Amino acid sequence: MITLTSLTSVEKFIEEHQFSFLYVSRTNCGVCHVILPQLKELLKEFPLVQLGHINADDVEEIAGRLSIFTVPALLLFVDGKEIIREARFVQMQSLQDRISKVYNMIVQETD
């Protein structure tokens, strides 16, 4: 997991990785602290997905840039385009199924 500390670093992260997963949280968000370890474990199944973490308390402009109204916000970008967005209460099984569908489709195309 890479900690992203500016809007520029977020944009560069999305640009540099085919599969970019952004996790946006806040320091005092209990739900955020519970979901992050679950997300890290889930993403082990998808080795090409790069995880970037943004603390919205430190990078306040991220909310406006990515239209984030609540945290945690989980966003998957493929080739720079947002494909999946989840926020607040995340069903991990549903998220895993959605990521798997997108991931397998893209990976099979490149084989």
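The text that follows walks through the structure, step by step, so that each part is easy to find. Counting of residues starts from 1 at the beginning of each chain's written sequence and follows it residue by residue. Local features in this predicted model are restricted to residues of pLDDT 70 or higher, and side-chain atom pairs are both shown and tallied only at a pLDDT of 80 or more, whereas totals for entire chains, interfaces and linings draw on every residue. The side-chain figures draw on all heavy atoms in the structure; neither hydrogens nor water molecules are used.

This part is about the nonpolar core. Ranked by internal contacts, the top residues of the largest apolar core, which has 40 residues, are F21, L22, V24, L39, L43, L95 and I99. Under the scheme used here, helices are H or I runs from DSSP no shorter than 4 residues and strands are E runs no shorter than 2 residues, and both carry numbers assigned from the N terminus. Breaking this core down by element, the ones donating at least two residues are α1 (7-16), β2 (19-25), α2 (30-43), β3 (49-55), α3 (62-66), β4 (73-78) and α4 (92-110). If sequence neighbours within four positions are ignored, L43 has contacts with F21, V49, L51 and I99. The definition of a nonpolar core used throughout is a set of buried Ala, Val, Leu, Ile, Met, Phe, Trp, Tyr and Cys residues joined through side-chain atoms within 4.5 Å. Throughout this description, buried means an accessible area under 20% of the type-specific maximum (1.4 Å probe, protein chains only), exposed means over 50%, and partly exposed covers the range between. Whether two residues touch is decided by their heavy atoms; if any such pair falls within 4.5 Å, the residues are in contact.

Among the residues making up α1, those that are buried are V10, F13 and I14. For α1, the arc enclosing every buried residue in end-on projection is 95 degrees, short of the 170-degree limit, so these residues lie on one face. When the buried face of α1 is taken as reference, the exposed residues oriented beyond 90 degrees from it are T8, K12, E15 and E16. On the buried face of α1, the contacting elements are β1 (2-4), β2, β3, α3 and β4. To obtain the arc, one takes the directions from the helix axis to the C-beta atoms.

Before going further, it helps to spend a moment on the state of the cysteines. Here, a disulfide means two cysteine sulfur atoms that sit within 2.5 Å of each other. Counted according to the given criterion, the structure contains one disulfide. Between the sulfur of C29 and that of C32 lies a disulfide, 2.3 Å long from S to S. Taking the sign of the S-S torsion, about 85 degrees here, the bridge from C29 to C32 comes out right-handed. Note on accessibility: C29 and C32 belong to one class, buried.

What follows covers the side chain of E86. Here E86 is to be found in strand β5 (residues 81-87). Here a polar contact is recorded for every N or O atom pair within 3.5 Å, except that within protein the pair must consist of a potential hydrogen donor and a potential acceptor, and residues adjacent in sequence are included only if both atoms are side-chain atoms. A polar atom in the side chain of E86 sits 2.3 Å from the side chain of R98. With near-sequence residues (within four places) excluded, E86 lies in contact with P72, A73, L74, L95 and R98.

Next up on the list: the sheet that holds β3. Spatially, the five strands line up as an open sheet ordered β1-β3-β2-β4-β5, and their pairing is mixed. Each edge of the sheet is formed by a strand with only one pairing partner; in this case those strands are β1 and β5. In this sheet, adjacent strand axes meet at a mean angle of 25 degrees when their direction is disregarded. At least two bridges found by DSSP between two strands are what make those strands a pair. Judged from the seven bridges that link them, β2 and β3 form a sheet pairing that is parallel. Residue pairing across strands places Y23 opposite H53, the latter belonging to β3. Think of each axis as a best-fit line through the C-alpha atoms, taken over the contacting stretch in the case of a helix, with angles from 0 to 180 degrees between the N-to-C directions.

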